[in-house]
Amino acid sequence: MNITKTNIDDLNAVIKLQIVKEDYESRVNDVLKDYRKKANINGFRQGKVPMGVIKKMYGTPVLADEINKMLSQELMKYIRENDLKIMGEPLPNETDQKEINWEKDTEFEFAFDIALTPEYTLNLSKRDKINFFKIKVDEKMIENGVEMHARRFGSNEPVEAVEEKELLKGNYAQVDAEGNLVEGGITSNDVAISLEYMSDEDSKKKFIGAKKDAVIVFNPAKAFSNKTDLASMLNISKEEAETLDADFQFTITEINKFVNAELNQELFDKVFGEGTVSSLEEFKNKIKEDIEKQLVNDSDYKFLIDAKEKLVKKSKMELPEAFLKRWIVATNKEMTEEQVEADFSNYVVDFKWQLIKNRLTEENELKVSEEEVMEFAKKQALMQFQQYGMMDVPEEYLTNYAQQMMQNQDEQRKIYERKIDDKVAEYLKTAIKVEEKEVTTEEFNKMFE
């Protein structure tokens with residue numbers, strides 16, 4: 001097989017592969033022999049079908065299949081052995097490709113376009129400056145954290161009368177315009193409703209001051225705007241809920257009020273583990289530490305966005321744009337040329353940043369170990385457990401959960417990319433000048449508007 005590369009310019013090249021009969025004949029014959037062994041054709045015993053019949057039936061598709069396999073193997077082998085740095089994947093050439101007649105031709109020539117990785121310089125130094133925005137943790141954020149934990153471990157307690165945001169339990173029964181029960185009407189028992197989520201104020205007022213066993217007549221379709229919730233509440237279909245407009249009596253069987261957990265040692269132990277903090281002041285300080293850790297992730301995210309913008313601009317990199325547009329369409333069947341064209345400026349930035357990231361990773365040997373990926377997965381698992389109030393999760397649980405996450409290849413790739421981003425950010429902080437600026441949450445959020 002003869003393979004040649006012709007450079008079109010600094011960013012584009014064409015690879016041609018010339019395949020003669022000697023290259024593929026033995027491979028095709030081996031496949032056809034295997035077909036002959038397995039062929040089950042009327043009039044012939046299995047394994048005794050004449051080779052001429054097999055070739056007539058299967059020769060052309062087998063030839064095409066084997067040559068396509070050879071193409072893929074030899075093309076990638078050539079790229080690898082010649083250390084060609086390419087973008088995307090090879091695409092069939094649209095002008096030089098000769099027409100192929102699989103039934104008659106014995107020699108074939110294939111042409112593929114490739115996009116070459118552009119040459120560029122970065123020369124990072126302390127003259128390059130990027131801001132690092134440290135978000136200030138204020139008292140309001142700490143108090144919100146205290147409230148969140150107190151509410152998370154709060155509980156419903158019975159009260160005598162409805163005030164404003166109570167959780168009620170009771171029984172629904174449909175009534176007519178005069179307030180009489182409708183025979184065969186809709187009924188639903190032991191239903192929980194929350195005044196906090198009742199959108200109609202007039203309906204809500206009917207409940208204020210009511211006590212257990214009180215009977216309230218109202219229109220639930222008017223009181224609750226979410227039709228899915230309404231259907232579940234009345235035990236009817238969503239289609240029925242969409243058109244329902246009727247009064248119901250609601251007989252109150254329970255009145256409960258949600259009460260936040262007390263700010264005491266029991267709460268401190270539930271949130272941070274036994275003995276971690278022993279006073280309200282220490283509790284608030286620990287909440288502040290946790291908020292600061294979370295905000296550092298936000299700050300790092302912003303830092304990497306700014307680094308991406310600065311380094312892409314500094315590189316003054318040129319890309320094989322025409323090829324990349326073709327490649328995006330070829331590998332994303334749902335994308336049209338018009339869609340790619342409209343959003344291509346964003347693609348360009350992402351392509352350039354990926355090339356820069358790859359170079360920084362390779363040149364500075366920024367590697368992510370399996371242990372680091374697993375540790376990050378365990379932190380993700382812990383955060384999920386903590387959302388359900390489970391703060392002190394045994395290590396073996398976290399390990400098992402993380403291992404399950406790692407079985408998902410897409411999830412594993414995302415974690416790896418996240419850790420690479422972290423490594424790149426850490427490196428950049430040592431290679432360039434970082435100016436730390438303290439900002440409020442409001443000021444930080446405005447940067448993304």
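Residues numbered from 1 in each chain as written. Predicted model: local features only at pLDDT ≥ 70, side-chain atom pairs only at ≥ 80, totals over all residues. Heavy atoms only, no water.

K.L.:
Describe the overall build of the protein, listing the residues and the values that go with them.
P.N.:
Regarding its fold elements, the protein presents 16 helices and 11 strands. Taking 2.2 N^0.38 as the reference for a compact globule, 449 residues should give roughly 22 Å; the C-alpha atoms of the protein span a radius of gyration of 34 Å, well beyond that estimate. When burial is assessed residue by residue, the protein has 37% of its 449 residues classed as buried. Within the protein, contacts between residues at least 6 apart in sequence are counted, and of these 71% link residues at least 24 apart. Accessible surface, the protein: about 28000 Å² in total, of which carbon and sulfur atoms supply 45%. A distance of 6 Å separates the average location of the 66 positive side-chain charges in the protein from that of its 91 negative side-chain charges. (Helix = DSSP H or I, 4+ residues; strand = E, 2+ residues; numbered from the N terminus. Rg over C-alpha atoms; globule rule 2.2 N^0.38 Å. Buried < 20%, exposed > 50% of the residue type's maximum accessible area, 1.4 Å probe, protein only. Contact = heavy atoms within 4.5 Å. Areas by Shrake-Rupley, 256 points an atom, 1.4 Å probe, with all protein chains shown as cover. Lys, Arg positive; Asp, Glu negative; His and termini not counted. Charge placed at Lys NZ, Arg CZ, Asp CG, Glu CD.)

K.L.:
Residues and numbers for the packing of aromatic side chains, please.
P.N.:
Aromatic rings considered in pairs are described by the distance between their centres and by the relative angle of their planes. By the definition in use, this model includes 17 aromatic pairs. Between Y172 and F218, the aromatic rings sit 6.1 Å apart at their centres with planes inclined by 40°, giving tilted as the arrangement. Linking Y172 in strand β7 (residues 167-175) with F218 in strand β9 (residues 215-218), this pair joins segments that are 46 residues apart in sequence. Grouping residues by exposure puts Y172 and F218 together as buried. Members of the aromatic cluster, each reached through a chain of ring pairs, are Y172, F207, F218, F248 and F250. Taking NZ or CZ as reference, K302 lies 5.6 Å from the ring centre of F448, over its face. The ring of F303 is capped by K429, whose NZ or CZ atom sits 5.6 Å from the centre of that ring. (Phe/Tyr/Trp six-rings, centres within 6.5 Å; stacked < 30°, edge-to-face > 60°. Lys NZ or Arg CZ within 6 Å of the ring centre and 35° of its normal.)

K.L.:
If you had to explain the packing of helix α1 (residues 21-38) against helix α2 (residues 51-81) to someone new, which residues and values would you point to?
P.N.:
Relative to each other, α1 and α2 sit at 130°, their axes nearing to 8 Å. Overall, the two elements α1 and α2 adopt an arrangement that is oblique. α2 is crossed by α1, and the crossing has right-handed handedness. In this structure, α1 contributes D23, Y24, R27, V28, N29, V31, L32, K33, Y35 and R36 to the contact, and α2 contributes M51, I54, K55, Y58, G59, V62, L63, E66, I67, K69, M70 and Q73. Its residues assigned to classes, the contact of α1 with α2 comprises 12 nonpolar, 3 polar and 7 charged. (Axes fitted to C-alpha atoms, helices over the stretch in contact; angles between N-to-C directions. Parallel < 35°, antiparallel > 145°, perpendicular 65-115°, else oblique. Left-handed = near helix turned anticlockwise from the far one by under 90°. Nonpolar A, V, L, I, M, F, W, Y, C, P; charged D, E, K, R; others polar.)

K.L.:
Tell me about the layout of surface pockets, residues and numbers included.
P.N.:
One number sums up the size of the second largest pocket: a volume of about 390 Å³. Forming the boundary of the second largest pocket are 16 residues, of which Y24, V28, K55, G59 and L63 lie nearest the centre. Those elements that provide at least two residues to the lining of the second largest pocket are α1 and α2. (1 Å grid on protein atoms, 1.4 Å probe; cavity = no way out; pocket = protein on both sides within 12 Å on 5 of 7 lines; lining within 4 Å. Points joined across faces, edges and corners; volume = space filled by probe spheres on them.)

K.L.:
How would you sum up the pattern of salt bridges? Please name residues and give values.
P.N.:
Per the counting criterion, the structure on display carries 32 salt bridges. Between K16 and D96 there is a salt bridge, and its shortest N-O distance comes to 3.9 Å. One end of the pair, K16, is in strand β2 (residues 12-19); the other, D96, is in the loop between β3 (86-92) and β4 (108-116), with 80 residues separating them in the sequence. In this structure, R359 engages E363 in a salt bridge whose closest nitrogen and oxygen atoms are separated by 3.8 Å. Of this pair, R359 and E363 both sit in helix α12 (residues 344-363), 4 residues apart, which is roughly one turn of the helix. Salt bridges here are not isolated pairs; linked through shared partners, they connect R27, D65, E66 and K69. (Salt bridge = Lys/Arg side-chain N within 4 Å of Asp/Glu carboxyl O.)

K.L.:
Now, about the nonpolar core: what can you tell me, with residues and values included?
P.N.:
With 42 residues, the main nonpolar core has L319, I356 and V424 as its most contacted residues. Of all the elements in the fold, those that place two or more residues in this core are β3, β5 (129-135), α9 (280-315), α10 (321-331), α12, α13 (370-387), α14 (395-406) and α15 (409-431). Ranked by the residues each element gives to this core, the list is headed by α12, at 7 residues. With residues up to four places along the chain from it excluded, the contact list for I356 reads Y120, L122, L311, V312, S315 and M317. (Core = buried A, V, L, I, M, F, W, Y, C linked by side-chain atoms within 4.5 Å.)

K.L.:
For the sheet that holds strand β1 (residues 2-7), give the residues involved together with the corresponding values.
P.N.:
On the basis of which strands lie adjacent, the open sheet formed by 4 strands has the order β1-β2-β4-β3 and antiparallel pairing. Two strands lie at the open edges of the sheet, namely β1 and β3, each paired on one side alone. In this sheet, neighbouring strand axes are inclined to one another by 20° on average, regardless of whether the strands run parallel or antiparallel. Sheet strands in contact with α10 are β2, β3 and β4, and its direction is about 70° off that of β3. (Pairing = 2+ DSSP bridges.)

K.L.:
Explain the side chain of D306 residue by residue, including any values.
P.N.:
Tracing the sequence through the fold places D306 in helix α9. Overall, D306 belongs to the buried group, its relative accessible area being 17%.

K.L.:
Break down the packing of α10 against α12 for me, citing the residues and quoting the values.
P.N.:
Two numbers describe how α10 lies on α12: the axes approach to 11 Å, and their chain directions differ by 105°. As judged from the angle between their axes, α10 and α12 are roughly perpendicular. Where α10 abuts α12, its residues E321, L324, K325, W327 and I328 lie against F344, Y347, V348 and F351. Partitioning the contact of α10 with α12 into residue classes produces 7 nonpolar, no polar and 2 charged.

K.L.:
Outline helix α6 (residues 227-234), supporting the account with residue identities and numerical values.
P.N.:
Taken residue by residue, α6 has K227, L230, A231, M233 and L234 as its buried positions. Angular distribution of buried residues about the axis of α6 spans 165°; they occupy a single face of the element. Check the buried side of α6 and you find it contacts β7, β8 (187-194), α5 (220-223), α7 (238-243) and β10 (247-259). Where α6 begins, the side chain of N226 points an oxygen toward the backbone nitrogen of T228, at a separation of 3.0 Å. Immediately beyond the C-terminal end of α6, within one or two residues, lies N235, with a positive phi of roughly 60°. (Arc of directions from axis to C-beta. Polar contact = N/O pair within 3.5 Å; in protein donor to acceptor, adjacent residues only side chain to side chain.)

K.L.:
Tell me about a nonpolar patch on the surface, and please be specific about residues and values.
P.N.:
On the surface, Y301, I305 and F448 cluster together into a nonpolar patch covering about 300 Å² of accessible area. Within the secondary structure, F448 sits in the segment after α16 (441-446). Given the relative accessible area of 42%, F448 is considered partly exposed. (Patch = residues over 30% accessible without salt bridge, like charges linked within 9 Å, V, L, I, M, F, W, Y side chains within 5 Å.)

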